[in-house]
Amino acid sequence: MPKPNAANSPDVDLVVKQLGQRIRAARVQRGLFQKDVAAIIGVSIPSYQALEAGRGTPAFWTFVASCIVLDISLESLLPREIN
């Protein structure tokens, strides 16, 4: 697998924003509130809101726990291709 470089790596901010959008869509589809998911995974509501908004750099475990609660695969959050 080739080593990523500036020419072929995705914009990290864009990827984090897309991850948040996908997590939000899964949560809404399941009829859950942000406060409920935040409580289940053990983060504050503002931290969970930041995750969905694609702000900051949430811990990997936050993504994993969100996937478990929302019954989605971590792989489903990742970009399909790199432009």
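Residues numbered from 1 in each chain as written. Predicted model: local features only at pLDDT ≥ 70, side-chain atom pairs only at ≥ 80, totals over all residues. Heavy atoms only, no water.

As annotated in an unreviewed UniProt entry, the protein is DNA-binding XRE family transcriptional regulator from Variovorax boronicumulans.

1. Concerning the nonpolar core
Residues Ile23, Tyr48 and Leu70 are the most contacted members of the largest nonpolar core, which totals 14 residues. Once you skip the residues sitting within four places of it in the chain, Ile23 turns out to touch Tyr48, Leu51, Glu52, Phe63, Ser66, Leu70 and Leu77. (Core = buried A, V, L, I, M, F, W, Y, C linked by side-chain atoms within 4.5 Å. Buried < 20%, exposed > 50% of the residue type's maximum accessible area, 1.4 Å probe, protein only. Contact = heavy atoms within 4.5 Å.)

2. Structural notes on the pattern of salt bridges
Pairing of side chains with opposite charge becomes possible as their charged atoms draw close. Inspection of the entire model under this criterion finds one salt bridge. The shortest N-O distance in the salt bridge between Arg27 and Glu52 comes to 2.5 Å. Of the two residues, Arg27 sits in helix α1 (residues 12-29) while Glu52 sits in helix α3 (residues 45-53), which places them 25 residues apart along the sequence. No difference in accessibility class separates Arg27 from Glu52, as the two residues are buried. (Salt bridge = Lys/Arg side-chain N within 4 Å of Asp/Glu carboxyl O. Helix = DSSP H or I, 4+ residues; strand = E, 2+ residues; numbered from the N terminus.)

3. Let's talk about the packing of helix α2 (residues 34-41) against α3
Contact geometry for α2 and α3: axes closest at 9 Å, N-to-C directions at 110°. Comparing their axes, α3 and α2 come out roughly perpendicular. Listed contacts from α3 to Gln34, Lys35, Val37, Ala38 and Ile41 of α2 are Ile45, Tyr48, Gln49 and Glu52. When its residues are assigned to classes, the contact of α2 with α3 shows five nonpolar, two polar and two charged. (Axes fitted to C-alpha atoms, helices over the stretch in contact; angles between N-to-C directions. Parallel < 35°, antiparallel > 145°, perpendicular 65-115°, else oblique. Nonpolar A, V, L, I, M, F, W, Y, C, P; charged D, E, K, R; others polar.)

4. Focus: the packing of α2 against helix α4 (residues 60-70)
Interhelical geometry of α2 versus α4 gives an angle of 115° and a closest axis separation of 10 Å. The two elements α2 and α4 cross, and the hand of that crossing is right-handed. Contacts between α2 and α4 involve Val37, Ile40 and Ile41 from the first element and Thr62, Ala65, Ser66, Val69 and Leu70 from the second. (Left-handed = near helix turned anticlockwise from the far one by under 90°.)

5. A few points about unusual backbone geometry
Unusually for a residue other than glycine, Asp71 sits at a positive phi of about 55°. For Asp71, the position within the fold is in the segment after α4. Look at Asp71 and you get exposed, because its relative accessible area is 64%.

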